[in-house]
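One letter stands for each residue in the lines below.
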Amino acid sequence: MKGLKLFAAVFLVFVMMTGCSNGTTENTTAKEGQSTNVQSAEDTSSGDVQDENTQEEESQNGEVSADDSSSGNAEAVGGWKIEVEDSNQGKELSDVSVVLGYTGTGTEEYSKEAEEGKEFLLVKLLCEKEDGQEVIDWEQLTVTDSEGNEYKRIDDAFLTDLNMKRMPGTELNFGSNEGFIAFEVNEGASGYTLSYPFEEGNIEIQF
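Residues numbered from 1 in each chain as written. Predicted model: local features only at pLDDT ≥ 70, side-chain atom pairs only at ≥ 80, totals over all residues. Heavy atoms only, no water.

J.: Can you walk me through the nonpolar core in this structure?
T.: Inside soluble globular proteins, nonpolar side chains tend to come together where they are buried. Leu125, Cys127, Ile136, Trp138 and Phe183 are the most contacted members of the largest nonpolar core, which has 25 residues in total. Among the elements of the structure, strand 2 (80-90), strand 5 (118-129), strand 8 (176-186), strand 9 (193-197) and strand 10 (202-206) are those that each provide at least two residues to this core. By residue number, the principal contributor to this core is strand 5, which donates four residues. Each residue touching Cys127, except ones within four places of it in the same chain, is listed here: Trp80, Lys81, Ile82, Ile136, Trp138, Met167, Leu172, Gly175, Ser176 and Asn177. Judged by nonpolar contacts, the second largest core, of nine residues, contains Ala114, Phe120, Leu159 and Leu162. (Core = buried A, V, L, I, M, F, W, Y, C linked by side-chain atoms within 4.5 Å. Buried < 20%, exposed > 50% of the residue type's maximum accessible area, 1.4 Å probe, protein only. Helix = DSSP H or I, 4+ residues; strand = E, 2+ residues; numbered from the N terminus. Contact = heavy atoms within 4.5 Å.)

Dropping the structure here:
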């Protein structure tokens, strides 16, 4: 009988020690898991910061830029900034306008067709004088297509009949000037470069 009680006591002590050991192991494992999670979070945060710093450095170096304000359609030389804002090309230009007369209201259509084998090229420019003494003489401005054909501005007074804002035909020597100019180009031509020779250097804008 005494032997049975002794065995029971020893077994109870063994069970209690085993439980304590398992609890200690579980606590240790839980703490290690928490430590790993904290370390992973720190590594991830550090990686994000490094990525942001890398992107910022690359952006500053000109290698990566999500907002590049340079469109490639503007140049500044000789105290002038010239920008190609828009361009249109077609065989015929037409516009329908409303006419008010003594007998009532009617419509009037104005149209102009290019010569045989030619098309109209309309270019909207913004010319801004920033400084300097140079002027813009339209006789010096040219447009060249991808095949090397060179064109000069034509008499484009008809643009006002099309209700389009026309760039003045006289020399520009100050201020901000905006409007369309017209060329007659070879039919099907494309890949244009607008050029103007200033004393300080040439402006060349591709569009």
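That covers the picture; the talk isn't over yet.
J.: Please clarify how the pattern of salt bridges should be interpreted in this entry.
T.: Side-chain pairs of opposite charge can arise whenever the charged atoms involved come near each other. Counted according to the given criterion, the structure contains three salt bridges. Taking the shortest distance from any N to any O, the salt bridge between Asp156 and Arg166 comes out at 2.6 Å. Placement of Asp156 in the loop between strand 7 (150-152) and strand 8 and of Arg166 in the loop between strand 7 and strand 8 is noted, with a sequence separation of 10 residues between them. Residues participating in the shared-partner salt-bridge network are Arg153, Asp156 and Arg166. (Salt bridge = Lys/Arg side-chain N within 4 Å of Asp/Glu carboxyl O.)

J.: Got a minute to help me understand the pairing of strand 8 in this structure?
T.: Strand residues, when the strand is regular, have side chains that alternate between the two faces of the sheet. By the criterion of burial, strand 8 is predominantly enclosed, with eight of the 11 residues buried. Judged from the 11 bridges that link them, strand 5 and strand 8 form a sheet pairing that is antiparallel. Bridge pairing links Leu122 to Ala182 in strand 8. (Pairing = 2+ DSSP bridges.)

J.: Looking at this model, I keep getting lost on a negative patch on the surface. Mind explaining?
T.: On the surface, a cluster of negative charge is contributed by Glu92, Glu109, Glu113, Glu116 and Glu187. Take Glu92: it is sitting in strand 3 (residues 92-101). (Patch = residues over 30% accessible without salt bridge, like charges linked within 9 Å, V, L, I, M, F, W, Y side chains within 5 Å. Areas by Shrake-Rupley, 256 points an atom, 1.4 Å probe, with all protein chains shown as cover. Lys, Arg positive; Asp, Glu negative; His and termini not counted. Charge placed at Lys NZ, Arg CZ, Asp CG, Glu CD.)

J.: Looking at this structure, I do not really get the layout of surface pockets. What am I missing?
T.: By volume, the largest pocket amounts to about 160 Å³. If you trace the largest pocket, you find it lined by Asp137, Trp138, Glu139, Lys152, Arg153, Ile154, Asp155, Asp156, Arg166 and Gly169. Taken together, the residues that form the lining of the largest pocket break down as two nonpolar, one polar and seven charged. (1 Å grid on protein atoms, 1.4 Å probe; cavity = no way out; pocket = protein on both sides within 12 Å on 5 of 7 lines; lining within 4 Å. Points joined across faces, edges and corners; volume = space filled by probe spheres on them. Nonpolar A, V, L, I, M, F, W, Y, C, P; charged D, E, K, R; others polar.)

J.: Explanation requested: the environment of Val84 in the structure shown.
T.: With respect to the secondary-structure elements, Val84 resides in strand 2. Of the residues examined, Val84 reaches a relative accessible area of 5% and is grouped as buried. Excluding anything up to four places from it in sequence, Val84 contacts Asn73, Val123, Lys124, Leu125, Leu194, Ile205 and Phe207.

J.: How should the sheet that holds strand 8 be read in this particular structure?
T.: By way of backbone hydrogen bonds, the strands of a sheet pair with one another, either parallel or antiparallel. Spatially, four strands are ordered 1-2-5-8 in an open sheet, and the strand pairing comes out antiparallel. Edge positions in the sheet fall to strand 1 (74-77) and strand 8, since each has one partner strand and no second. Put simply, the sheet's adjacent strands are angled 25 degrees from each other on average, direction ignored. Pairing between strand 2 and strand 5: 10 bridges, direction antiparallel. Bridge pairing in strand 5 places Gln89 opposite Leu121. (Axes fitted to C-alpha atoms, helices over the stretch in contact; angles between N-to-C directions.)

J.: Can you walk me through the environment of Gly175 in this structure?
T.: When you line up the elements, Gly175 lands in the loop between strand 7 and strand 8. In this structure, Gly175 is in contact with Trp80, Cys127, Glu128 and Lys129, ignoring residues within four places of it in sequence.

J.: Sorry, what's going on with the side chain of Glu184 here?
T.: Here Glu184 is to be found in strand 8. Summary of buried charges: Glu184 has no salt-bridge partner, and the nearest side chain of opposite charge, Lys118, is 6.6 Å away. Here the side chain of Glu184 touches Glu115 through a polar contact of 3.3 Å, landing on its backbone nitrogen. (Polar contact = N/O pair within 3.5 Å; in protein donor to acceptor, adjacent residues only side chain to side chain.)

J.: Can you walk me through the side chain of Ser195 in this structure?
T.: Inspection of the secondary structure assignment puts Ser195 in strand 9. According to the relative accessible area criterion, Ser195 is buried, its value standing at 16%. When sequence neighbours within four positions are dropped, the list of residues in contact with Ser195 reads Gln140, Leu141, Thr142, Ile203 and Glu204.

Keep in mind these numbers describe shape, not what the thing actually does.
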